[in-house]
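A look at the structure
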Amino acid sequence: MQLCAEARAVAGSSCLIALCLCLLVVQGCRPARETLPALKLTHEVSPQPPRVGHVRVTLKLTDSSGKPITRAGLSIEGYMSHPGMKPIAASVAESEPGSYVSEIDLAMAGDWVFIVHIQLPGQVSVDRQFEIKGVLPA
Amino acid sequence: MFQPHRNSNPRNSFDLLRVPLVGTLLRQKHARTLLQIPLFLISIAMILHGLFGPQLAPQNLATTYTWLHFRGALVFVLLLAGNFFCLACPFMLVRNLARKFFHPVRNWPRRLRNKWFSLGLFVTMLFLYEWLDLWASPWWTAWLIVAYFAGALLIDSVFKHATFCKFVCPIGQFNFVAATASPLEVAVRDTAVCAGCSTKDCIRGVREPATPLVSIQRGCELALFQPRKVGNVDCTFCLDCVQACPHDNVGIISRVPAAELTIDPMRSGLGIFSRRKDLAALVIVFTFGALLNAFGMVSPVYALENWVARVSGVEREFPVLAFIFGLFLVAEPLLLIGVAAWLTRIWGGTRKPMVAVAVRYSYVLAPLGFGIWLAHYGFHFLTGLYTIVPVTQAALGGQPHWGTPGLAPNVVQIFEFGFVFLGLLGSLLVSYSIAFAEKVDRPSRIFAVWAIVALIITAGALLLMSQPMEMRAVTLGVG
């Protein structure tokens, strides 16, 4: 009687663990969300180290051969790593061919994650992400 | 004098179960299930979004709901009412469903029938929160929720009664300690009625008259016998006792918050607090863990981590973090409480052994610890309150409308300080009551000693909350 009850309990728990593993496998087998065009985005932040307040982010956009991509439409959204903060949005302007500049006001110290929305001329838009870690208090 | 609620005529107290609508709802047989279902559905949504949704914490339901709204709502409900989150616990919904198929016959091992194991899990949870940066990881947060469901199901499928709630669940232990400061408790309305009761259904449950082996209503699964139950520790507000009592003599009754800490009777299902080293340790970790958790959010933690890494030559985060945990959760409490217990003996004139003094007076810290948790969680909750709207909109496939995220941080900081002071006031009153209730020569000196301990912790909390907050994952060598 006791063994039977335990066997059922263990069987039930095993089913749950199997379900969890399935979830893990399903998640691992997800297809990539998008086929990304071959482009490279690098960023520089000044001043260094970044502090709360005004920072300048310079983005360099190149294709797979290293050739600057010009006349792309870029915009930036910034998020703190912790939930509960409103994201910041900033516009980006092309300062020289393939080089884009954004002036951003960082409202809080900590880690920031930025999503760059890139509208390539004549192509679909793609997103790229970069982080500014360890922004110091003002 | 600060006295517990036990008066001769409890019917004069406020009783939530007698309030129209709310009371009627809570007294329904399936009230708990009704409250659990929405939280269960939300939990499933959080798991799915955490695993498959955007992996940016502020955009994800798992991280936003868990680390902002759930935690915040939890502490406010504990402050204003009682342990209603355990009542609506979604993990127990799944477990109760499973119990329809599994009928465990084993008892939880005797040597584990205390708080040591759950205390270890509570510390592990605090550690994982910092080490894995859980607040910033939807994926880990989702797996944490899955782990809770699996843990509740596994433990309660093998072991009888509410083993998971009483001996395992770290959230439950947090709620039990915090609920000592709550204004409501599940308690008998009239002790005279219990004195004349012969069935004891509140603990035994109700059996089918024709087939006594068949239970038609559970009694308290946490071994809390209502007539001898004191306070909120170990009470999940499941209301099984309310359903089981044939005399309708159990209510959700008002009382003086934290007053249960001032007395030291034999408590049903718990024993005597002053002999429970495990419970005292839980209160200590609850209190100093509140400081540690808040410390993890401000600038000095990074300076300390980098200093430890530099001095020790260790660059991996795990041992550095373990050192800081040891500092906050072992060294600091040992020093503060050890010195206070020693002073209580030599200066206050008590003849009790030092450990006994330390155990008895550790409970003094519970209100202050709760005040610090309330301040910390309340800050995130209030400053990010409205982010629930755009995050939900985005999760449902709509366009998120990011407006003001919540109340202004400088306004919320006033509340933060207020909560800490409220906790301090509670701890001062509890220490005063305990000191003056003991048969000692100089109770005022004992009160002074423990008041200083509370003031030191308060000063630490206020100092932390005055620091500019930094929300970042730990990266040794940065900053």
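Residues numbered from 1 in each chain as written. Chains lettered and ligands numbered in written order. Predicted model: local features only at pLDDT ≥ 70, side-chain atom pairs only at ≥ 80, totals over all residues. Heavy atoms only, no water.

A tally of regular secondary structure across chain A gives one helix and eight strands. Reading chain A from its N end, one meets helices and strands in the order α-β-β-β-β-β-β-β-β. Expressed as a percentage of the 138 residues in chain A, the buried residues total 43%. A separation threshold of at least 6 residues defines the contact pool for chain A, and within that pool the share at least 24 residues apart is 57%. For chain A, the exposed area adds up to about 7,500 Å²; of that, 60% sits on carbon and sulfur atoms. (Helix = DSSP H or I, 4+ residues; strand = E, 2+ residues; numbered from the N terminus. Buried < 20%, exposed > 50% of the residue type's maximum accessible area, 1.4 Å probe, protein only. Contact = heavy atoms within 4.5 Å. Areas by Shrake-Rupley, 256 points an atom, 1.4 Å probe, with all protein chains shown as cover.)

All names here are of chain B. For the structure on display, the rule yields 19 salt bridges over all chains. Here Arg95 and Glu221 are joined by a salt bridge, their closest N and O atoms 2.9 Å apart. Of this pair, Arg95 sits in helix H5 (residues 90-98) while Glu221 sits in the loop between strand E3 (215-217) and helix H12 (240-244), placing them 126 residues apart in sequence. Owing to a relative accessible area of 14%, Glu221 belongs among the buried residues under this scheme. With its nearest N and O atoms 2.6 Å apart, the salt bridge here joins Asp234 to Lys115. With Asp234 in the loop between E3 and H12 and Lys115 in the loop between H5 and helix H6 (116-131), this residue pair connects regions lying 119 residues apart in the sequence. (Salt bridge = Lys/Arg side-chain N within 4 Å of Asp/Glu carboxyl O.)

Bringing the layout of surface pockets into the picture now. As a volume, the largest pocket reaches approximately 1,300 Å³. Around the largest pocket, the lining comprises 42 residues; the ones closest to its centre are Arg99, Ser215, Gln217, Arg218 and Glu221 of chain B. When residues of the lining of the largest pocket are traced back to their parent elements, those giving at least two are helix H1 (2-28) of chain A together with helix H2 (31-52), H5, helix H11 (201-204), E3 and H12 of chain B. A breakdown of the residues in the lining of the largest pocket according to their chemical character gives 18 nonpolar, twelve polar and twelve charged. (1 Å grid on protein atoms, 1.4 Å probe; cavity = no way out; pocket = protein on both sides within 12 Å on 5 of 7 lines; lining within 4 Å. Points joined across faces, edges and corners; volume = space filled by probe spheres on them. Nonpolar A, V, L, I, M, F, W, Y, C, P; charged D, E, K, R; others polar.)

For the rest of this paragraph, the subject is the packing of H2 of chain B against H5 of chain B. All names here are of chain B. Put simply, H2 and H5 touch, their axes get as near as 7 Å, and they point 110° apart. Between H2 and H5, the crossing angle belongs to the class labelled roughly perpendicular. For the pair H2 and H5, the crossing hand works out as left-handed. Counted together, Arg32, Thr33, Gln36, Ile37, Leu39, Phe40 and Ser43 of H2 and Pro90, Met92, Leu93, Val94 and Asn96 of H5 form the full contact between these two elements. (Axes fitted to C-alpha atoms, helices over the stretch in contact; angles between N-to-C directions. Parallel < 35°, antiparallel > 145°, perpendicular 65-115°, else oblique. Left-handed = near helix turned anticlockwise from the far one by under 90°.)

Now for the packing of aromatic side chains. All names here are of chain B. In the structure shown here, the tally under the stated rule is 32 aromatic pairs over all chains. On the basis of an interplanar angle of 25° and a centroid distance of 6.2 Å, the ring pair of Phe174 and Tyr377 is categorised as stacked. In this pair, Phe174 is assigned in helix H9 (residues 170-178) and Tyr377 in helix H17 (residues 366-383), connecting sequence segments 203 residues apart. Accessibility assignment for this pair places Phe174 and Tyr377 in one class, buried. The aromatic ring of Phe273 is capped on one face by Arg267, whose charged end is 3.5 Å from the ring centroid. (Phe/Tyr/Trp six-rings, centres within 6.5 Å; stacked < 30°, edge-to-face > 60°. Lys NZ or Arg CZ within 6 Å of the ring centre and 35° of its normal.)

What follows covers the side chain of Thr383 of chain B. Secondary-structure assignment places Thr383 of chain B in helix H17. Under the relative-accessibility criterion, Thr383 of chain B is labelled buried at 9%. In this structure the side chain of Thr383 of chain B is engaged in a polar contact, spanning 2.6 Å, whose partner is the backbone oxygen of Phe379 of chain B. Look past the residues within four positions of Thr383 of chain B in its chain and what remains in contact with it is Gly84 of chain A together with Pro405, Gly406, Leu407, Pro409 and Val412 of chain B. (Polar contact = N/O pair within 3.5 Å; in protein donor to acceptor, adjacent residues only side chain to side chain.)

It is worth spelling out the state of the cysteines at this point. Residues and elements named next belong to chain B. Applying the stated rule across the entire model yields zero disulfides over all chains. There is no disulfide at Cys169, and the cysteine sulfur nearest it, in Cys89, is 6.4 Å away. Cys169 sits in the buried class, given a relative accessible area of 8%. (Disulfide = S-S within 2.5 Å.)

Residue and element names in this part refer to chain A. In space, the four strands of this open sheet follow the order E1-E2-E6-E5, with antiparallel pairing throughout. On the outer flanks of this sheet lie strand E1 (39-46) and strand E5 (93-96), each paired with one strand and no other. Direction aside, neighbouring strands of the sheet carry axes that sit 35° apart on average. Pairing between strand E2 (residues 53-63) and strand E6 (residues 99-106): eight bridges, direction antiparallel. By the bridge assignment for E6, Gly53 is matched with Leu106. (Pairing = 2+ DSSP bridges.)

Another aspect to go through is H2 of chain B. Every α-helix carries 3.6 residues per turn, so stepping three or four residues along brings you back to the same face. In this model, H2 of chain B (22 residues) spans 32 Å end to end at C-alpha, consistent with the 32 Å of a helix rising 1.5 Å per residue. Buried residues of H2 of chain B: Ala31, Arg32, Gln36, Ser43, Met46, Ile47, His49, Gly50 and Leu51 of chain B, and no others. (Expected span 1.5 Å × (residues − 1).)

Residue and element names in this part refer to chain B. Tallied over the full model, the rule gives five cavities of 30 Å³ or more. Taken as a whole, the largest cavity encloses approximately 110 Å³ of empty space. Around the largest cavity, the lining comprises 14 residues; the ones closest to its centre are Cys194, Cys197, Cys202, Pro227 and Cys245. For the lining of the largest cavity, the residue count by class is nine nonpolar, three polar and two charged. Quantified by volume, the second largest cavity comes out at close to 80 Å³. Cys220, Gln226, Cys235, Cys238 and Cys241 are, among the 13 residues lining the second largest cavity, the residues nearest its centre. Grouping the constituent residues of the lining of the second largest cavity by class yields eight nonpolar, two polar and three charged.

For the rest of this paragraph, the subject is the nonpolar core. With 174 residues, the main nonpolar core has Leu59 and Leu61 of chain A together with Phe174 and Ile252 of chain B as its most contacted residues. Examining the composition of this core, we find that 14 residues originate from one element, helix H13 (residues 277-295) of chain B, more than from any other. Beyond its immediate sequence surroundings of up to four residues, Phe174 of chain B is in contact with Leu74, Val75, Leu78, Phe122, Phe286, Trp373 and Tyr377 of chain B. (Core = buried A, V, L, I, M, F, W, Y, C linked by side-chain atoms within 4.5 Å.)

Let us now look at a nonpolar patch on the surface. A surface patch of nonpolar side chains, amounting to about 610 Å² of accessible area, comprises Leu335, Val339, Trp342, Ile346, Trp347 and Met354 of chain B. Ranked by residue count, the leading element in the nonpolar patch is helix H15 (residues 317-346) of chain B, at four residues. (Patch = residues over 30% accessible without salt bridge, like charges linked within 9 Å, V, L, I, M, F, W, Y side chains within 5 Å.)

What follows concerns the packing of helix H3 (residues 61-80) of chain B against H9 of chain B. Working note: a packed helix pair is described by the angle between its axes plus the distance between those axes. Residue and element names in this part refer to chain B. Look at H3 against H9: their axes get within 10 Å of each other, and the N-to-C directions meet at 30°. Comparing the axis directions of H3 and H9 gives the class roughly parallel. Relative to H9, H3 is oriented so that their crossing is right-handed. Counted together, Leu74, Val75 and Leu78 of H3 and Phe174, Asn175 and Ala178 of H9 form the full contact between these two elements. Residue composition of the contact of H3 with H9, by class: five nonpolar, one polar and no charged.

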